Every structure is written in structure tokens, then in C-alpha cells.
Amino acid sequence: MLDSVDSTVAHSLSLISTRSGLFVPSVARIADTDLSALLILGSLQIDPAFRGNGLGLEAIEIACKRFSLGCSIAVLTAFPTQWEGRVDNGPAQFKHDRAKLMAYYRRAGFERILDNGLMIRRLDY
């Protein structure tokens, strides 16, 4: 984890059983293990001038390869950064933008695990 001051950390804890300290069953099935080693990807932002060229997907792949040592899954939260602090201003549009971002992250191998936008990907490096 590179940045421990991130709400993603709190969301990610829901993937681990407080009783056993292992992945919850739904995560263990995807990770193919119950060992709770997570790579948490906190925030990804690509300058608007460079969007649409696959740089975000490439950055995710590089981060997963570079920082996955000892981790069985990568986790991120699909949260469109333009909505920081203002989700209540347009919940329908936020929901639309989140769905679009989740579809983008699916292209990087992530799948939705919780309704709060949390997504995980098995790491096989």
C-alpha cells in the first residue's frame, strides 16, 4: 500500500473476515485462496488530454505487476474523481458515471464484489 490515508483502505477491509482474518468466501473463490494479502490501488487519474489511449489500463497493469509480490488479489473502488465531495449534487449522474468506470475497470480484469463500487482482480504474477 502506497498511501494509507485513503477511504479505499476502509472499504477493502470488508473483504476480510474480522473473525478469522482471512478473505470472506466470495473473495476467496475469486482469489483461489483464503489468504488475505491485498494490493490496494487507491486512485488513478489520467490527465484529460491523454485519455482515450489506454494509458489508464496500462497504468493499472504496471501497478499490479510491480506491487503484487505476496498478494493474491488487487482491489480498487470505482469512484469517478470528478464526484469527490459532491455525490449528493446528482446521484443519478454519479450512478451512471460509476457504471461507466466499472465497465472500464472490467477491461482490466476487475469484477464487482460489493455495491459500493469495490472491485477485485485475481493476481497471477
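Everything below is about the structure printed above this text.
Attention here is on the structure that accompanies the text. Here the structure is a predicted model, which is why all the values come from computation and not from measurement. (Residues numbered from 1 in each chain as written. Predicted model: local features only at pLDDT ≥ 70, side-chain atom pairs only at ≥ 80, totals over all residues. Heavy atoms only, no water.)

Some words on the overall build of the protein
Then comes step 1: Along its length, the protein carries 4 helices and 4 strands.
Then comes step 2: Starting at the N terminus, the α and β elements of the protein follow one another as α-α-β-α-β-α-β-β.
Then comes step 3: Burial analysis of the protein (125 residues in total) assigns 38% to the buried set.
Then comes step 4: Intrachain contacts of the protein at a sequence separation of at least 6 include 59% that bridge at least 24 residues.
Then comes step 5: For the protein, the accessible area works out to roughly 7,900 Å², and carbon and sulfur atoms hold 53% of it. (Helix = DSSP H or I, 4+ residues; strand = E, 2+ residues; numbered from the N terminus. Buried < 20%, exposed > 50% of the residue type's maximum accessible area, 1.4 Å probe, protein only. Contact = heavy atoms within 4.5 Å. Areas by Shrake-Rupley, 256 points an atom, 1.4 Å probe, with all protein chains shown as cover.)

Things to note about the sheet that holds strand β4 (residues 118–122)
Then comes step 1: The mixed open sheet is built from 4 strands, whose spatial order is β1-β2-β4-β3. Across the chains shown, the open sheet's two edge strands, defined by having one partner strand only, are β1 (38–41) and β3 (111–112).
Then comes step 2: As paired strands, β1 and strand β2 (residues 73–77) are joined by 4 bridges and run parallel to one another. Across the sheet, residue L41 finds its bridge partner in β2, namely L76.
Then comes step 3: Where helix α3 (residues 55–67) meets the sheet, it contacts β1, β2 and β4, and its direction lies at approximately 145° from that of β1. (Pairing = 2+ DSSP bridges. Axes fitted to C-alpha atoms, helices over the stretch in contact; angles between N-to-C directions.)

A look at the side chain of S68
Then comes step 1: Its place among the elements puts S68 in the loop between α3 and β2.
Then comes step 2: Within the structure, S68 has its side chain in polar contact with the backbone oxygen of C64 (distance 2.9 Å). (Polar contact = N/O pair within 3.5 Å; in protein donor to acceptor, adjacent residues only side chain to side chain.)

Observations regarding helix α4 (residues 91–106)
Then comes step 1: When the terminal C-alpha atoms of α4 are compared, their 22 Å separation across 16 residues agrees well with the 22 Å that a helix rising 1.5 Å per residue should span.
Then comes step 2: Buried positions along α4 lie against α3, β2, β3 and β4. (Expected span 1.5 Å × (residues − 1).)

Considering the pairing of β4
Then comes step 1: β4 sits mainly inside the fold: 4 of its 5 residues count as buried.
Then comes step 2: The pairing of β2 with β4 spans 5 bridges and is antiparallel. Bridge pairing links T77 to L118 in β4.
Then comes step 3: With 2 bridges connecting them, β3 and β4 associate as antiparallel partners. Counted as the bridge partner of R112 is M119 from β4.

Describing the pairing of β1
Then comes step 1: Burial along β1 is two-sided: the face carrying L38 and I40 and the face carrying L39 and L41 are both buried.
Then comes step 2: Where the polypeptide runs from β1 across α3 and back to β2, its parallel neighbour, the crossover connection is right-handed. (Right-handed = clockwise from strand over helix to strand, strands pointing away.)

Everything listed is a geometric property; what it means functionally is a separate question.
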